[in-house]
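# Summary of structural features
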Amino acid sequence: KEPGKTSGTSCERCGTVFEAQERAGGMLRYGIPAYRLPKDVLDKEIDAIVNAGVNIVYNKWLGKDFTVESLKSEYDAVFVGIGAWSAWNLGCKGDDAQNVMSGIDLLYRVANGEKTYLGKNVCVVGGGNTAIDAVRTAVRLGAENVTLVYRRTEAEMPAEAEEIRDAKVEGVNFHFLAAPVEVEVCDGRAVALKVQNMVLGEPDASGRRSPVPVEGSIDSIPCDTIISAIGQKVASSHIDMLELTRKQTISVDETSFMTSVEGVFAAGDVINKGADIAIRAIAGGKYAAIAIDSYLKGEAFKPH
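To keep things clear, this report deals only with the structure shown in the data block. All of these numbers come straight from a predicted model, not from anything done at the bench. (Residues numbered from 1 in each chain as written. Predicted model: local features only at pLDDT ≥ 70, side-chain atom pairs only at ≥ 80, totals over all residues. Heavy atoms only, no water.)

### Overview of the overall build of the protein chain
Scanning the protein chain from N- to C-terminus turns up 7 helices and 14 strands. With respect to the principal axes defined by its C-alpha atoms, the protein chain has extents near 70 × 45 × 35 Å. By the burial criterion, 40% of the 304 residues in the protein chain qualify as buried. When the accessible surface of the protein chain is split by element, carbon and sulfur atoms take 50% of a total near 16400 Å². (Helix = DSSP H or I, 4+ residues; strand = E, 2+ residues; numbered from the N terminus. Buried < 20%, exposed > 50% of the residue type's maximum accessible area, 1.4 Å probe, protein only. Areas by Shrake-Rupley, 256 points an atom, 1.4 Å probe, with all protein chains shown as cover.)

### Description of the state of the cysteines
As enumerated under the stated definition, the model contains 0 disulfides in all. Cys 92 takes part in no disulfide bond, and the closest cysteine sulfur, belonging to Cys 123, lies 10 Å away. By relative accessible area, Cys 92 is classed as buried at 11%. (Disulfide = S-S within 2.5 Å.)

### Structural notes on the side chain of Asn 197
Mapped onto the secondary structure, Asn 197 falls in strand 10 (residues 189–203). A distance of 3.4 Å separates the side chain of Asn 197 from the side chain of His 175, its partner in a polar contact. Excluding anything up to four places from it in sequence, Asn 197 contacts His 175, Leu 177, Ala 178, Val 212, Pro 213, Val 214, Ser 217, Ile 218 and Asp 219. (Polar contact = N/O pair within 3.5 Å; in protein donor to acceptor, adjacent residues only side chain to side chain. Contact = heavy atoms within 4.5 Å.)

### Looking at helix 5 (residues 129–140)
For helix 5, which comprises 12 residues, the first-to-last C-alpha distance of 16 Å matches the rise-based estimate of 16 Å (1.5 Å per residue) to within 8%. Listed as buried for helix 5 are Ala 131, Ile 132, Asp 133, Ala 134, Val 135, Arg 136, Thr 137 and Ala 138. Among the structural elements, helix 4 (103–111), strand 6 (121–125), strand 7 (145–150), helix 6 (161–169), strand 8 (173–176) and strand 12 (225–228) are those in contact with the buried residues of helix 5. Downstream of helix 5 by one or two residues, Gly 142 has phi in the positive range, about 100°. (Expected span 1.5 Å × (residues − 1).)

Here you go:
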């Protein structure tokens, strides 16, 4: 609003953050394990933001406690950075068993201090950084046999090479060229993961070799807990006003980070192509802030 004027909470002229959780930090706090990102380091970064004059209001959910429309009516500019907190299911029979969870759910529980027992045998499906974080967290929770299942080879894994190496050092087993086909269930609980063994086929037009099933070759991996870490998506059902992409992310101009509604900006995992690494989300927030500053000043925005 106009300089010197506020319309509710204090320090609105400095900016207000509506945070869904009890503590700030988003995926940096709840999605990245403390052994990789110490939370005292994160807290110092957040304290610097608060000390600069930003007001953080906790336990406020978009779609429940407020809407984009309500914020737009109260503030001159709105930024949406809610991330991609929903996980893809395994997509096979039995994946709704009691002891099947998502990688982000596991990491959230641990970061939130919840007591989590996974059993002796843990199987994680996926090849990205979340999958590696999940297997290494399982090791730290006392699991004796931790297996990562990935449908391609190690060379195709999107996870950082250093993280893969560290997981191997910590005793994680890697089952490459395998895809889940069924969760074996007994009395409502998963007891094993059936996987279809694969080989890499001929390169496609992009040069990437797709996995091809080996007929009749199926393994069964005993599991006390199965963790799906095959990707994350945006929970978009509570996003109002804004145009969404076919992937149900928020559609933005990648130069200005402006959404389909003037004065509303977005960046990070919630936009366009969806979930990515944390540093790109941080960079997106930085450039969006520059764009918002130009917008509020009525100046032409200079693309990054």
